[in-house]
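What the coordinates show
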Amino acid sequence: MSVALGITRPPLVRSIPVHHPEDLIARLPQGPPYAWVHQGEGLVAWGEAARVAVPPGPGRFEWARRWLATVFGEAHIDDDVHVPGSGPVAFGSFTFDPDAHGSVLVVPRVLLGRRNGRAWLTTVGEAPIELMAPAASPGRIVYGDGSLTAPEWQHAVARAVGEIRSGRLEKVVLARDLVATAERDIDVRVLLDRLARAYPDCYTFSCAGLVGATPELLVRHTGAAIESLVLAGTTYRGASPADDKAKAAALFASAKDRHEHACAVASVREALTPLCASLSVPGEPELLVLPNVQHLASRVRGRLADGASVLDVVAAMHPTAAVGGTPTGVALEVIRELEGMDRGGYAGPVGWIDARGDGEWGIALRCAHVEGRRARLFAGCGIMGGSDPASELAEAQAKFRVMRYALEG
């Protein structure tokens, strides 16, 4: 961190126990926030002790790991907490496409964490005093088409179905974007607060302008133990408990959704098997019920065979079939041909890593990239041979509701 800070002596990174904060997000000062919060626990941070744009290319995760080893290695660490997320931590957002620019790692100056009944404060060097300012609503929101209009996107879905039926691939995930323009500059703290309260079972995140609440845990790394939550196969929530139950039953019975889920689980198994001494993959999915949709979900657990960091696991897993398709290489080609846009960090890995190599990373879903008064919202759908373009458009619209709620309240 000394190079990034322009100083010649190693900075002191200090983690100390603190009083249990009632609300992590409420402690964020004004300014670009960093966050990873799930069911009220996690990390929030602000300021920048070090920041780097990760070069694109197939070796970007290894490059990121080497950069972090240098940065963390420069620090003098005084850690009185000794839990995942204490000591120096970097937040990161990687683009979906490995050849795209926009991946970033940031070591914040100040971090507040809460985990399993313990709370701590981490500071890097002489952390500046930040004045708390009330978060302001963005005001009236106006929406406009993103890269493709709704009819154009339906046409892209139809073309993808044709590619699948021709035998070129089994599945492809197509995303679309929506542009929101606010009356005033968008305070990301408002979005984080609304998302964390409305979707506590999701992972509410913020990194370098990318903000959202993802239901999909790519990997949690604690020591040698890893865990991944695979989601693929979606239906709406019902208008009544009976309707909800009927929709869930139809989702479990859907050959299209079950096959889509099986493809996603198989891609995770294939990625993790070479890294793990043991791996547990459920034979049947469970149901993850969120306020707006229901997903088929499989929780995969394993133990690493060597000292791999969480970034090594992320590198092996991304992109999963849940956000790319099957086979991966062909799916990426079809996405580039049909989507008509750069996804940026959407559907890419987002999360944090500490100096021990522990961390939590999700797939950046149900999210938007925020800059000033403008937010670019994203939603994607898994396209199979039996997909109906109108139904897929309706599913994407349902997924947009998460960030529309965050903006509108």
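Throughout what follows, the structure given in this document is the object of discussion. Model, not experiment: these values are computed from the prediction.

Criteria and thresholds
- Residues numbered from 1 in each chain as written.
- Predicted model: local features only at pLDDT ≥ 70, side-chain atom pairs only at ≥ 80, totals over all residues.
- Heavy atoms only, no water.
- Helix = DSSP H or I, 4+ residues; strand = E, 2+ residues; numbered from the N terminus.
- Rg over C-alpha atoms; globule rule 2.2 N^0.38 Å.
- Contact = heavy atoms within 4.5 Å.
- Lys, Arg positive; Asp, Glu negative; His and termini not counted.
- Charge placed at Lys NZ, Arg CZ, Asp CG, Glu CD.
- Expected span 1.5 Å × (residues − 1).
- Buried < 20%, exposed > 50% of the residue type's maximum accessible area, 1.4 Å probe, protein only.
- Bend = angle between axes of the 7 residues up to and from the residue.
- Pairing = 2+ DSSP bridges.
- Polar contact = N/O pair within 3.5 Å; in protein donor to acceptor, adjacent residues only side chain to side chain.
- Phe/Tyr/Trp six-rings, centres within 6.5 Å; stacked < 30°, edge-to-face > 60°.
- Lys NZ or Arg CZ within 6 Å of the ring centre and 35° of its normal.
- Axes fitted to C-alpha atoms, helices over the stretch in contact; angles between N-to-C directions.
- Parallel < 35°, antiparallel > 145°, perpendicular 65-115°, else oblique.
- Left-handed = near helix turned anticlockwise from the far one by under 90°.
- Nonpolar A, V, L, I, M, F, W, Y, C, P; charged D, E, K, R; others polar.
- Salt bridge = Lys/Arg side-chain N within 4 Å of Asp/Glu carboxyl O.

**With respect to the overall build of the protein**
What the protein contains, in helices and strands, is nine helices and 23 strands. A compact globule built from 409 residues should have a C-alpha radius of gyration of about 22 Å, and the protein, at 21 Å, falls within 12% of that. Principal-axis analysis of the C-alpha atoms gives the protein an extent of 60 × 50 × 40 Å. Long-range contacts, defined here as pairs at least 24 residues apart, represent 75% of the contacts in the protein between residues at least 6 apart. For the protein, the distance from the average site of its 41 positive side-chain charges to the average site of its 46 negative ones is 2 Å.

**Here we look at helix H6 (residues 255-272)**
Counted at 1.5 Å a residue, the expected span for H6 with its 18 residues is 26 Å, and the 26 Å between its end C-alpha atoms agrees. Taken residue by residue, H6 has Asp 257, Glu 260, His 261, Cys 263, Ala 264, Val 265, Ser 267, Val 268, Ala 271 and Leu 272 as its buried positions.

**Topic: helix H9 (residues 389-408)**
Over its 20 residues, H9 runs 28 Å from end to end, which matches the ideal 28 Å to within 8%, given 1.5 Å per residue. Its maximal kink placed at Val 402, H9 deviates by approximately 30°. For H9, the full list of buried residues reads Pro 389, Glu 392, Leu 393, Glu 395, Ala 396, Ala 398, Lys 399, Phe 400, Val 402, Met 403, Ala 406 and Leu 407.

**What about unusual backbone geometry?**
The step from His 318 to Pro 319 runs through a cis peptide bond, and the omega angle for that step is -5°. Inspection of the secondary structure puts Pro 319 in the loop between helix H7 (310-317) and strand E19 (325-326). Here the residue pair Thr 326 and Pro 327 is connected by a cis peptide bond, since its omega of -10° sits within 30 degrees of zero. Backbone geometry at Gln 39 places phi at a positive 50°, although glycine is not the residue there.

**Comments concerning the pairing of strand E9 (residues 118-124)**
Note on strand geometry: in a regular strand, side chains alternate between the two faces of the sheet. Here strand E1 (residues 12-17) pairs with E9 via five bridges, running antiparallel. Across the sheet, residue Pro 17 finds its bridge partner in E9, namely Trp 120. Bridging between strand E8 (residues 110-115) and E9 involves six bridges; their strand directions are antiparallel. Bridging across to E9, Gly 113 finds its partner in Trp 120.

**Structural notes on the side chain of Ser 267**
With respect to the secondary-structure elements, Ser 267 resides in helix H6. Of note is the side chain of Ser 267, whose polar atom sits 2.8 Å from the backbone oxygen of Ala 264. Excluding its chain neighbours within four sequence positions, the residues that come into contact with Ser 267 are Thr 320 and Ala 321.

**A word on the side chain of Arg 366**
For Arg 366, the position within the fold is in the loop between strand E21 (359-363) and strand E22 (367-371). At 2.7 Å, the side chain of Arg 366 forms a polar contact with the side chain of His 295. Residues within four places of Arg 366 in sequence aside, it is in contact with Val 211, Gly 212, Ala 213, Pro 215, Val 293, His 295, Lys 399, Val 402 and Met 403.

**Focus on the packing of aromatic side chains**
Evaluation of the coordinates by the stated rule reveals five aromatic pairs. A centroid spacing of 5.8 Å and a plane angle of 40° characterise the contact between Tyr 34 and Phe 91, whose relative ring orientation is tilted. Taken together, the residues Tyr 34 in strand E2 (residues 34-38) and Phe 91 in strand E6 (residues 89-93) connect sequence positions 57 residues apart. A relative accessible area of 2% means that Tyr 34 is categorised as buried. A relative accessible area of 1% means that Phe 91 is categorised as buried. Taken together through their ring pairs, the aromatic side chains of Phe 61, Phe 94 and Trp 361 make up a single cluster. Sitting above the plane of the Tyr 143 ring, Arg 404 keeps its charged end 4.0 Å from the centroid.

**Some points on the packing of helix H3 (residues 150-165) against H9**
Contact geometry for H3 and H9: axes closest at 9 Å, N-to-C directions at 125°. Accordingly, the angle class assigned to the pair H3 and H9 is oblique. As H3 runs across H9, the sense of the crossing is right-handed. Residue-level inspection shows Ala 150, Trp 153, Gln 154, Val 157 and Ala 158 of H3 in contact with H9, the latter providing Pro 389, Ala 390, Glu 392, Leu 393 and Ala 396. Its residues assigned to classes, the contact of H3 with H9 comprises eight nonpolar, one polar and one charged.

**Things to note about the pattern of salt bridges**
Enumeration according to the criterion identifies 29 salt bridges in this entry. When the shortest N-O distance is used, the salt bridge between Asp 97 and Arg 336 registers 3.0 Å. One end of the pair, Asp 97, is in the loop between E6 and strand E7 (104-107); the other, Arg 336, is in helix H8 (residues 328-338), with 239 residues separating them in the sequence. A relative accessible area of 18% means that Asp 97 is categorised as buried. Here the residues in one salt-bridge network are Lys 171, Lys 256, Asp 257, Glu 260 and Glu 392, joined through shared partners.

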